[in-house]
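Structural characterization, general
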Amino acid sequence: MADLSQRDYERMLDIAVAVLESRTPESMWHLVGQEILEVLHATTTIFVDLRWRERTGHIEGWAPEWVGRTPLAELVVRRMEQQHPLFRYTASGQRRPATVDEVCDRIDWLRSDCFHEAYEIYGTTRQMALPLPATGDVIRGFIMGRPGRNFTGRETSLAARLQPLLRSVDIHVREMRRLAGADEGHGEPTDPATKARELGITPRELTVLNVLAEGLTAAAIARRLGISVRTVHAHLNGLYRKLETHDRLSTVLLAEDLGLTLPPAKGAHPRSP
C-alpha cells in the first residue's frame, strides 16, 4: 500500500469533522461526496445502494451539484443492465477499491456502452469504485470518475484508508435516520440544512456561512474548521453566487432572513456591525 502524506490524513480528518457538523442524514452522503471529489481529485462522485440481481436500487447521495440535473436513478439502473465492470466487481463480494482498468480489459472498456455514455454525459474516461460493506448481492459504495490520467496507486491506497471512516459514516447516517423517524409528526420547522439544499448550498458552505455569521475573518474560519484560507474563500465565493450577494455583511443578513443561520450559542458574543 502506498505511503500517504500528512495532507492525506488531514483531508480524512476534514471529512470526519464535516460529517460531525452535519445535522441531517439526508445531507450526509452529499457532504461526503463533495469532500471525496477534492480528496481523490475526481470530477464526478455518486453514492449507490443497488440490488444487483433484481436490477433495482437508488441513489442516496451525489456530487457535484450539476450531476443532480441528470436522471441518475435511470442511469445507474442502465449501468446494471449493461453489466458495468465495477458493479460486477463489487457484486462479486470484492471490497478493495479498484479502478476499471484493474477489473477488465482496457480495450473492452473503451468499446463498451458504459464508457461511451459516461464520456458523452460527464466527460469521464477513468472510474474507480470504493465499496462499502453490504450483504448478499447488494452493491453499496461510491463510484468516482474523471477525465485524463488514471487513478494512481496512492489514490487507491487513500480510498482504502477512507473505507473504515466511511463505514462509520454509514452507521451514523442510519442511526440519525432511525432517530429522525422516531420524531416524525412533531411538526418541527424547516431547519437550515433543508433550506440550504433548496438553494443549492452545500453542507460545507452552510458550515462556513454559520461561522461567518459569528463575525470571524477568513483566517479565523480556516482555523476553526481546520481548512485552508483558500478553501474558505472558495466556499464564500460559492455562497455569494448562490445567494446573489457581493460581500460578507449582505450575505449574513440575507442568510438570517432566509433562516440559513443557527441562533447564537448561549454566552456567545454578538456579531459586530
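An account of the accompanying structure is given in this report. The model shown is predicted, which means the values in this text are computed figures rather than measured ones. (Residues numbered from 1 in each chain as written. Predicted model: local features only at pLDDT ≥ 70, side-chain atom pairs only at ≥ 80, totals over all residues. Heavy atoms only, no water.)

Some remarks on the overall build of the protein chain
Test applied: For the purposes of this entry, the term helix denotes a DSSP run of H or I that reaches at least four residues, the term strand denotes a run of E that reaches at least two, and both are numbered from the N terminus. Accessibility here uses a 1.4 Å probe with only protein chains present; expressed as a share of the type maximum, an area under 20% marks a residue as buried, one over 50% as exposed, and anything in between as partly exposed. Residues count as neighbours in contact if any of their non-hydrogen atoms are within 4.5 Å of one another. Under the convention used here, a 1.4 Å probe and the Shrake-Rupley method define accessible areas, while residue burial counts only the protein chains that appear.
The helix and strand inventory of the protein chain stands at 13 helices and five strands. Counting every position in the protein chain, which comprises 273 residues, the buried fraction comes to 48%. Taking the contacts inside the protein chain whose residues are at least 6 apart along the sequence as the reference set, 65% of them involve residues at least 24 apart. For the protein chain, the exposed surface amounts to about 14000 Å²; the carbon and sulfur share of it is 53%.

Side note on the side chain of His235
Mapping His235 onto the fold places it in helix α12 (residues 229-243). Beyond its immediate chain neighbours, meaning those up to four positions away, His235 contacts Arg204, Glu205, Val208 and Ile227.

Considering the nonpolar core
For the record, the criterion: Take the buried Ala, Val, Leu, Ile, Met, Phe, Trp, Tyr and Cys residues and link them wherever side-chain atoms come within 4.5 Å; each set so joined is a nonpolar core.
Trp29, Val32, Leu40, Phe142, Met144 and Leu166 are the most contacted members of the largest nonpolar core, which totals 28 residues. Sorting the residues of this core by element identifies α1 (6-21), α2 (25-39), β4 (126-131), β5 (138-146) and α8 (153-182) as the ones contributing at least two each. With residues near it in sequence (within four places) discarded, Leu40 still touches Met128, Met144, Arg146, Phe151, Glu155, Leu158 and Ala159. Core analysis: the next-biggest nonpolar cluster, separate from the first, contains 24 residues, Ile201, Leu209, Tyr240 and Leu243 among them.

A few points about the environment of Leu199
Tracing the sequence through the fold places Leu199 in the loop between α9 (192-198) and α10 (203-212). Leu199 gets classed as partly exposed once you look at its relative accessible area, which sits at 31%. Each C-alpha atom of the pair Leu199 and Leu239 lies 9.9 Å from the other, and the pair is 40 residues apart in sequence. Dropping the residues within four chain positions of it, Leu199 is found in contact with Lys242, Leu243, Leu258 and Leu260.

With respect to the side chain of Arg146
Going by this rule: What qualifies as a polar contact is a pair of N or O atoms within 3.5 Å, subject to a donor-acceptor requirement within protein and to the restriction that residues adjacent in sequence count only when both atoms come from side chains.
Within the secondary structure, Arg146 is located in strand β5. Among the polar contacts made by the side chain of Arg146, one reaches the main-chain carbonyl oxygen of His41 at a distance of 3.3 Å. Only 2.9 Å separates the side chain of Arg146 from the side chain of Glu155, close enough to count as a polar contact. Setting aside anything within four residues of it in sequence, one finds Arg146 in contact with Leu40, His41, Ala42, Thr43, Thr124, Thr125, Arg126, Phe151, Thr152 and Glu155.

Describing the pattern of salt bridges
How we decide: In the sections that follow, a salt bridge refers to a side-chain nitrogen of Lys or Arg positioned within 4 Å of a carboxyl oxygen of Asp or Glu.
In this structure the tally under the stated criterion is 11 salt bridges. Two residues, Arg79 and Glu117, come together in a salt bridge whose shortest N-O distance is 2.9 Å. With a gap of 38 residues between them, Arg79 in helix α3 (residues 72-81) and Glu117 in helix α7 (residues 113-122) connect regions that are remote in the sequence. For the pair formed by Arg79 and Glu117, the shared burial category is buried. For Glu155, the salt bridge identified is with Arg149, shortest N-O distance 3.7 Å. Taken together, the shared-partner salt bridges in this structure form one network comprising Asp49, Arg51 and Arg140.

Remarks on unusual backbone geometry
Note: most residues except glycine have negative phi, and most peptide bonds are trans. With a phi close to 60°, Gln83 is a non-glycine residue in the positive phi region. Position of Gln83 relative to the elements: it lies in the loop between α3 and α4 (85-91). For Glu244, which is not glycine, the phi dihedral falls at a positive 60°. Its place among the elements puts Glu244 in the loop between α12 and α13 (248-258).

So, the environment of Glu117
For the pair Glu117 and Leu75, spaced 42 residues apart in sequence, the C-alpha to C-alpha distance is 9.3 Å. Ignoring sequence-local partners within four residues, the contact set of Glu117 consists of Leu75, Arg78, Arg79 and Gln82.

Quick word on the pairing of β5
Our working definition: DSSP bridges decide pairing: two strands pair if at least two such bridges lie between them.
Burial within β5 is extensive, with nine of its nine residues counted as buried. Pairing between strand β1 (residues 44-51) and β5: eight bridges, direction antiparallel. In the sheet register, Arg51 faces β5, and the bridge partner there is Val138. In the sheet, β4 pairs with β5 via six bridges, with the strands oriented antiparallel. Opposite Ala129, over in β5, you have Ile143 as the bridge partner. Connecting the antiparallel pair β4 and β5 is a turn made up of six residues, with Gly136 showing a positive phi of about 60°.

Remarks on the environment of Gln94
Locating Gln94 in the fold gives a position in the loop between α4 and β3 (98-99). The class of Gln94 is partly exposed, set by a relative accessible area of 38%. C-alpha of Gln94 to C-alpha of Pro131: the two residues are 37 residues apart in sequence and 7.8 Å apart in space. With near-sequence residues (within four places) excluded, Gln94 lies in contact with Tyr89 and Pro131.

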